[in-house]
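Fold and geometry: a report
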Amino acid sequence: MLTRKGRSIINIGWLIGWLLLSPPVAALSFPLPPPGVDVVGQIKRVEAEREETLLALGRQHGIGYEEMRRANPSVDVWLPGAGTEIVIPSRYVLPDAPREGVVVNIAEMRLYYYPDAADGEVRQVETYPISVGRMDWSTPLGESRITEKTEDPYWFPPQSILTERAQQGRPLPDAVPPGPQNPLGRHKMRLSIPGGAYLIHGTNEPRGIGMRVTHGCIRMFPEDVESLFNRVPSGAQVSIVNQPVKAGWATGRLLIEAHPVLPPEAENAYDPMKPPPMRDAVKAIAAMIDRGPARVDHQQLAQVVDTASGMPAVISRDARPSRIGLAQ
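It should be emphasised that the depicted structure is a prediction, and the values quoted were computed from it without experimental measurement.

Attention shifts here to the UniProt feature "active site" (unreviewed entry) in the protein chain. Sequence positions flagged by UniProt for "active site" (unreviewed entry) are, in local numbering, H201 and C217. Considering the C-alpha atoms alone, the annotated residues occupy 17 residues of sequence yet fold into one spot, their largest mutual distance being 7.6 Å. Looking at where H201 falls in the secondary structure, it is placed in strand β12 (residues 199-201). On the accessibility criterion, H201 (5% relative accessible area) is buried. Leaving out residues up to four positions away in the same chain, H201 has contacts with P183, L184, H187, K188, C217, I218, R219, M220 and V225. Tracing the backbone shows C217 in the loop between β13 (212-214) and β14 (218-219). Exposure remark for C217: the relative accessible area of 13% places this residue in the buried category. In contact with C217, other than residues within four places in its own chain, are S131, V132, G133, T139, A197, Y198, L199 and H201.

Overall, antiparallel pairing links the three strands, which are arranged β16-β17-β18 in an open sheet. Of all the strands in the sheet, the pair left with one neighbour each is β16 (245-250) and β18 (313-314). Contacts from helix α6 (residues 278-286) reach β16 and β17 (253-258), with the element oriented near 30 degrees to β16. This element, helix α7 (residues 298-307), spans β17 and β18 of the sheet and lies at about 25 degrees to β17.

Within the protein chain, residue pLDDT values average 84, and 85% of them lie at 70 or more. Across the protein chain, the element-wise mean pLDDT spans from 38 in helix α1 (residues 4-20) up to 98 in strand β5 (residues 91-93). Scored below 50 in pLDDT, residues 1-23 makes 25 contacts in the model with residues more than four places away or belonging to other chains. Predicted confidence for residues 319-328 stays below pLDDT 50, and this span has 21 contacts to residues more than four positions away or in other chains.

Cut-off values and rules
- Residues numbered from 1 in each chain as written.
- Predicted model: local features only at pLDDT ≥ 70, side-chain atom pairs only at ≥ 80, totals over all residues.
- Heavy atoms only, no water.
- UniProt positions renumbered as here; feature names shortened; annotations may be inferred.
- Helix = DSSP H or I, 4+ residues; strand = E, 2+ residues; numbered from the N terminus.
- Buried < 20%, exposed > 50% of the residue type's maximum accessible area, 1.4 Å probe, protein only.
- Contact = heavy atoms within 4.5 Å.
- Pairing = 2+ DSSP bridges.
- Axes fitted to C-alpha atoms, helices over the stretch in contact; angles between N-to-C directions.
- pLDDT = per-residue confidence, 0-100.

In structure tokens:
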């Protein structure tokens, strides 16, 4: 007869297996809205089945760990429970960046891809959860391009990682061949960022997607990076931004989407996060405020920023004919 400890070990192993084998689904893809509209998607709600984890549900719906946890703060990550209502936070304010190529927003840990469309076809925007650099291994911001695409890559750990792992008592070889132990997964795309080997790549640890756990690279679910690898051409533009608060318009209303940030003293993905500073919200709203006749609801704005749930919320009052401003 199994002891309670033995049953717990089996249950944990089963849960991890479920997570790793979670069936992939198509990318979150939406028609690209016309100029002046900045919001895509809808919030969804599903019921958890008996053995589903929050992380497995996130992967099935194209959502990362932190997004799922913040959207469902009262739900147990590992055992939501059969019949529990789960929020799928699949509505987004598009980043304030050109709608071309690949756009990565570090703060929300999401990648946006704007593929070209054939004549007569409606352009789409696709979005994927990612993992980004820890506080001490931050992902560089700015414009870059994809300079190289490799399938079944070797991993040559840089000296900084070799040193870190040696100090932890977990030494690495100078080269890791393709296979299940390769942390790059099966696909990598090199970025033209000077000063380091920055990549968009897959992973052999999909549980970390949607967290700050990398050494500066952009990590994706294996099925997501394979989809991009097969379609994004070498030379494609990659814009990396850090926008913890995004603002945009939809159906004549002004919305913001706020994400928590790591404090300056944080060291890793597990350190407590905090709401973004209000100045980031003011900056995001100021870039959008002249595009529509609305007044800002300051109480709602403060609540959205303080909650930092990552889900867009309306912050405008009823439309008024007069010019609007943050001071009203």
